[in-house]
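# Structural features, examined
Listed below, chain by chain, are the residues.
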Amino acid sequence: MAKEQVISDEARKEIEGLFHHLPHKQAACIDALKVVQKYNRWVSDEALQELAPILEMSAHQIDSVATFYNIIFRKPVGRHVVFLCNSVSCYIMGYEEIYKALKDKLKIDFGGTTPDDRFTFLPIPCLGTCDHAPAMLVGEDLYRDLKPEQLDEILAKYE
Amino acid sequence: MERPLTQHMKSDGTALSLKEYEASGGYEGLRKALKMTPLEVMNLVKDSKLRGRGGAGFPTGMKWSFVPMGEDAPKQKYIVANGDEMEPGTFKDRLLVELNPHMLIEGMIISAYAIGASMSYIFLRWAYHLGAKRIQVALDEAYQAGYLGKNIMGSGFDIDMDLHTSVGRYICGEETALLNALEGKRANPRNKPPFPQVSGLFGKPTIVNNVETYCNVPHILAKGAEWYLSLSQSEGGGGTKLYGASGRVKNPGVYELPLGITLRELVEVHAGGMQDGYKLRGILPGGASTDFLTPDHLDIKMDFEEVAKAGSRMGTGLIIVLDDKTCPIGMCLNLEQFFAQESCGWCTPCREGLPWTAKLLQGIEDGQGRPEDIDILSGQTRYMAPGNTFCALAPGAMEPLQSALKYFREDFEEHIHTHHCKYQHH
Ligand SMILES: Cc1cc2nc3c(=O)[nH]c(=O)nc-3n(C[C@H](O)[C@H](O)[C@H](O)COP(=O)(O)O)c2cc1C
Ligand code: SF4
Ligand code: FES
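A few words now on the overall build of chain B. Secondary structure summary: chain B contains 17 helices and eight strands in total. A compact globule built from 426 residues should have a C-alpha radius of gyration of about 22 Å, and chain B, at 22 Å, falls within 12% of that. By principal-axis analysis of the C-alpha atoms, chain B measures approximately 75 × 45 × 35 Å. By sequence separation, contacts in chain B at least 24 residues apart represent 70% of the contacts at least 6 residues apart. By element, 52% of the accessible surface of chain B is carried by carbon and sulfur atoms, the whole surface being about 15500 Å².

Below is the structure:
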């Protein structure tokens, strides 16, 4: 029986579209990982194996790139990633309170995923919105000037 | 007062469209540049005394002059905008790309013309999702209007531009690490020399400048070097600067002001002073990797020279304010945890030294510090001093710590002697 592909034909086409303008295929490595993640939410070992011939690199070489970066996920993540800024201005402005409240509400700590696969909870360095600290991203949505009492309403927006 | 970088931004928070940008004088600088020779453009930027806004303040025109020019120079050259902005406490480039992306694009086109580059990249921090969308819209508009592409505005000059969003790591902001990231590799810094101006992206001559640096260029072309110099209150450089403040001040934010205003004016007038119930204790003048200043330093000018004389660096010009109810050791711990996590792991002093530093600070903060820890920490700041590591990340990480050991020493001692942190977390 043929093994099922984890990188879809659609994703593969998108990756091959990255090569024009570039002197060699390896230069598209990071963007290719982003494409895989867009379709699959994370980058599995199988995905690395399938990427290798497309990029003309070994799976290990691709892994050394994938593991270097903060937001390429080599473990499964939930449908929505909650990135809470834990850098200095947010620390001064009350990050701790938000962290505790989120931990209570999600019933997971940093690095965890809720059992229903709804949220993964991660710390993230400065989100560049320190004048409105504390701040967090849920997926691509930015929330600023956070107060613990706003969290229920924010989280409820995500299925 | 003139505020060339921000005065045309819209108060409703949307970006200037191409039409609106043109109506505010946009692309006039490019039009002028294309009638000049590349060398004339470079010399004008030199005369304006524009200095890099990415932290080090290197003279921009001089940086460009290291690029090989003429018949024998490589045909392919690159212009790269550094929009990584992961320095904690920094949020100025976000404002520029979200509210006026055409200004960045125009600045990059002019810079490309000056050095003879035909390809350019905007390297943007991944978390700036809104900025990325707006840059993409602006790039499409600029291509349609013929500001980008082949033979732009009938000048015979070709220039392409692409947006690359990063996948996150502070070290990507270091210019040679950034080039590795753009090439799809791990973002470890490269050896210098060769400098990127000679051998950069894919081994070709490359200029990397900060987003804010490029945003100044169209205005210099449109209005001249003398006008640009007149904007500044600093001997060392021309123009305005995007300053800013975060922490417990009344009006945190970004403010465009003459380069060289005093720290006092920045803190007390523009940031509005401290919030009620909080006193000023210390200031990181230009991001997480700069030495603390104290209330005694308020009368210095916020320019590259005077901040250096006071023992720190102007860095990005966005200050982080430490108040009297936040623990200085807790703040240092937070900073060193960040640097330890973001070390790229290439060289030993940084890879091993930063986690150790963070661990010692954690011990002190938790009441388990030992008297000898203070000496070990000072030893670390020497061990990771400039010149001892492969890049400037680790020396930058030591700046807030070495100054905290000097200015907040009694806090370190009190934590160690009482086995306790007296600051309640808020
Ligand atoms: C660890 C590290 C991080 C840096 N991050 C940034 C950054 O996010 N943005 C930036 O413009 N420069 C950053 N720099 C400085 C760049 O290496 C480079 O000097 C700068 O982009 C040059 O631009 P400029 O001459 O216009 O200032 C960083 C340097 C180091 C060592
Ligand atoms: S100083 Fe740190 S970040 Fe810089 S090369 Fe060495 S390990 Fe990497
Ligand atoms: S420190 Fe949290 S947004 Fe900058």
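After that view of the structure, there is still more to cover.
Turning to the sheet that holds strand 5 (residues 240–247) of chain B, a few remarks are in order. All names here are of chain B. Spatially, 6-5-8-7 is the arrangement adopted by the four strands of the open sheet, whose pairing is mixed. Every interior strand has two partners, whereas the edge strands, strand 6 (253–258) and strand 7 (280–284), have only one. Taken pair by pair, the neighbouring strands of this sheet meet at an average axis angle of 30 degrees, ignoring direction. For strand 7 and strand 8 (residues 318–323), the ladder comprises four bridges, and the chain directions are antiparallel. Residue pairing across strands places I283 opposite V321, the latter belonging to strand 8.

Attention shifts here to the site of ligand 1. Residues and elements named next belong to chain B. Residues in close proximity to ligand 1 total 18 residues, the closest being G54, E85, N209, N210 and T213. The backbone of R53 places a nitrogen or oxygen atom 3.3 Å from an oxygen atom of ligand 1. Within the side chain of K63, an N or O atom sits 3.0 Å from an oxygen atom of ligand 1. Taking 610 Å² as the accessible area of ligand 1 by itself, protein coverage stands at 87%. When residues in the shell around ligand 1 are grouped by element, the largest group, three residues, is from strand 4 (residues 206–210).

Here the focus is unusual backbone geometry. Residue and element names in this part refer to chain B. Across the junction of K192 and P193, the peptide omega takes the value -5 degrees, indicating a cis bond. Checked against the element boundaries, P193 lands in the loop between helix 8 (175–182) and strand 4. Cis geometry is found at the peptide bond from P193 to P194, where omega equals 0 degrees. Mapped onto the elements of the fold, P194 is located in the loop between helix 8 and strand 4. Here Y27, not a glycine, exhibits a phi torsion of approximately 70 degrees, which is positive. Its place among the elements puts Y27 in the loop between helix 1 (18–23) and helix 2 (28–34). Of note, the phi angle at H419 is positive, near 55 degrees, even though the residue is not glycine.

Near ligand 2 you find 13 residues, and of these C344, W346, C347, C350 and C391 of chain B are the closest. Classifying every residue of the shell around ligand 2 gives 10 nonpolar, three polar and no charged.

Residue and element names in this part refer to chain A. Every buried residue of helix 4 (residues 59–66) is accounted for by A59, I62, V65 and A66. Buried residues of helix 4, viewed axially, fall in a sector of 120 degrees; they line one side. In this structure, the buried residues of helix 4 make contact with helix 2 (29–40) and helix 3 (45–55).

All names here are of chain B. Counting buried residues in strand 6 gives five out of six residues, a clear majority hidden from the surface. Relative to strand 6, strand 5 is paired through six bridges, and the arrangement is antiparallel. Residue pairing for strand 6: G244 is matched across the bridge by V254. Two successive antiparallel strands, strand 5 and strand 6, enclose a turn made up of five residues.

Turning our eyes to something else, we now look at the packing of aromatic side chains. The geometry of an aromatic ring pair comes down to the distance between the two centres and the angle between the two planes. Counted by the stated rule, this structure contains 17 aromatic pairs over all chains. Between Y21 of chain B and Y27 of chain B, the ring centres sit 5.3 Å apart and the planes meet at 90 degrees, which makes this aromatic pair edge-to-face. Taking the relative accessible area as the measure of exposure, Y21 of chain B reaches 3% and is therefore buried. Relative accessible area serves as the criterion here: at 0%, Y27 of chain B is assigned to the buried category. Through successive ring pairs, a cluster of aromatic residues spans Y95, Y99, F110 and F121 of chain A. Cation over ring: R169 of chain B sits above F68 of chain A, and NZ or CZ is 4.7 Å from the ring centre. Over the ring of Y278 of chain B we find K325 of chain B, and its NZ or CZ is 5.0 Å from the ring centre.

Residue and element names in this part refer to chain B. The strand order across the open sheet built from four strands is 3-2-1-4, with neighbouring strands paired in parallel fashion. Since the sheet does not close on itself, it has two edges, and those belong to strand 3 (160–165) and strand 4, each with one partner. Across the sheet, the mean angle from the axis of one strand to that of its neighbour is 20 degrees, orientation sign disregarded. With six bridges joining them, strand 1 (residues 78–83) and strand 2 (residues 119–124) adopt parallel strand pairing. Pairing of G83 across the sheet is with L124, part of strand 2. Packed on one face of the sheet, helix 9 (residues 211–223) meets strand 1 and strand 4 and runs near 95 degrees to strand 4.

Quick look at the domain arrangement of chain B now. Note: interface size is frequently given as the accessible area lost on complex formation between the parts. Residues and elements named next belong to chain B. Here chain B is described as being made up of domain 1 (18–230), domain 2 (240–323) and domain 3 (328–418). Tallying the contact residues gives 10 residues for domain 1 and 10 residues for domain 3. Both sides together, the interface formed by domain 1 and domain 3 hides about 960 Å², and carbon and sulfur atoms give 69% of it. Here domain 1 is connected to domain 3 by one salt bridge. Linking domain 1 with domain 3 are four residue pairs in polar contact (both at pLDDT 80 or more). Across the side of domain 1 that touches domain 3, the residue classes tally to six nonpolar, two polar and two charged.

About the thresholds
- Going along each chain's sequence as written, the residues are numbered from 1 onward.
- Key to labels: chains lettered from A, ligands numbered from 1, both in the order written.
- Residues qualify for local features only when their pLDDT is at least 70, as the model is predicted, and side-chain atom pairs are given and counted only at 80 or more; totals for whole chains, interfaces and linings, by contrast, use all residues.
- Side-chain metrics rest on all non-hydrogen atoms present in the structure, leaving aside hydrogens and water.
- Secondary structure counts use DSSP, requiring at least four H or I residues in a row for a helix and at least two E residues in a row for a strand, with both numbered from the N terminus.
- As a reference, a globule follows 2.2 Å times the number of residues to the power 0.38, and the radius of gyration itself is taken over C-alpha atoms.
- Residues are treated as being in contact if the distance between any of their heavy atoms lies within 4.5 Å.
- Surface exposure here means Shrake-Rupley accessible area, sampled with a 1.4 Å probe, where a residue is shielded only by the protein chains that are shown.
- For two strands to be treated as a pair, DSSP must find no fewer than two bridges joining them.
- Working convention: axes come from line fits to C-alpha atoms, limited for helices to the stretch in contact. Angles between N-to-C directions cover 0 to 180 degrees.
- Nearness here has a simple test: a residue counts as near a molecule or strand if at least one of its heavy atoms is within 4 Å of that partner.
- Throughout this description, a polar contact denotes any pair of N or O atoms lying within 3.5 Å of each other; where both atoms belong to protein, one of them has to be capable of donating a hydrogen while the other can accept it, and for residues adjacent in sequence the pair is counted only when both atoms sit in side chains.
- Amino acids outside the nonpolar list (Ala, Val, Leu, Ile, Met, Phe, Trp, Tyr, Cys, Pro) and the charged list (Asp, Glu, Lys, Arg) are all regarded as polar, and Gly is one of them.
- A 1.4 Å probe rolled over the protein chains alone gives each residue an accessible area, and that area as a share of the maximum for its type sets the label: buried under 20%, exposed over 50%, partly exposed in between.
- Arc definition: directions from the helix axis to the C-beta atoms.
- Classification of ring pairs uses Phe, Tyr and Trp, with its six-membered ring standing for Trp, and accepts pairs whose centres are within 6.5 Å; under 30 degrees between planes counts as stacked, over 60 as edge-to-face, and the remaining range as tilted.
- Charge over a ring is defined by NZ of Lys or CZ of Arg lying within 6 Å of the ring centre and within 35 degrees of the ring normal.
- Each domain's limits were defined by an automated method or a database of domain assignments.
- In this description, buried area is defined as the sum, over both parts, of the accessible area (probe of 1.4 Å) that is lost when the two are combined.
- Salt bridge, as used here: a side-chain nitrogen of Lys or Arg that lies within 4 Å of a carboxyl oxygen of Asp or Glu.

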